[in-house]
Amino acid sequence: MKDRINYVCAACGKKRSIPADEPTPECCKRTMNPEPLPVCEMAPSAEHSRMDDASGPCDDGSAGGNV
Ligand SMILES: [Zn+2]
């Protein structure tokens, strides 16, 4: 798995993603700036908080049957 670096042009805002072992690309006759965060990796963990299922081992007491 090769690392990729996202570059953004400070002049026109164009973005490029190139392998890390390639030299810094140029755009608008200027060297592009490396972008700090990769764009297409993992989404933030907003959907990871509702992983609970209805299989809790300590959920007695809500049914209320024989005592
Ligand atoms: Zn440019």
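All values derive from a computational prediction rather than experimental measurement. (Residues numbered from 1 in each chain as written. Predicted model: local features only at pLDDT ≥ 70, side-chain atom pairs only at ≥ 80, totals over all residues.)

Draft legend 1. Up close: the overall build of the chain. Helix and strand counts for the chain come out as 0 helices and 5 strands. Secondary structure elements of the chain occur, N-terminal to C-terminal, as β-β-β-β-β. Intrachain contacts of the chain at a sequence separation of at least 6 include 24% that bridge at least 24 residues. (Helix = DSSP H or I, 4+ residues; strand = E, 2+ residues; numbered from the N terminus. Contact = placed C-beta atoms within 7 Å.)

Draft legend 2. Molecular detail of the sheet that holds strand β2 (residues 15-19). The strand order β2-β1-β5 describes an open sheet built from 3 strands, whose pairing is antiparallel. Two strands lie at the open edges of the sheet, namely β2 and β5 (33-34), each paired on one side alone. Pairing analysis gives 5 bridges linking strand β1 (residues 4-8) to β2, with the strands arranged antiparallel. Of the residues in β2, the one forming a bridge with asparagine 6 is serine 17. (Pairing = 2+ DSSP bridges.)

Draft legend 3. Up close: the environment of threonine 31. Looking at where threonine 31 falls in the secondary structure, it is placed in strand β4 (residues 30-31). Given 14 C-beta atoms within a 10 Å radius, threonine 31 is considered partly exposed. Distance from threonine 31 to valine 8, taken between C-alpha atoms, is 9.2 Å for residues 23 residues apart in sequence. For threonine 31, the contacting residues outside a window of four places in its chain are Thr24 and Glu26. (Buried ≥ 20, exposed ≤ 12 C-beta atoms within 10 Å, placed from the backbone.)

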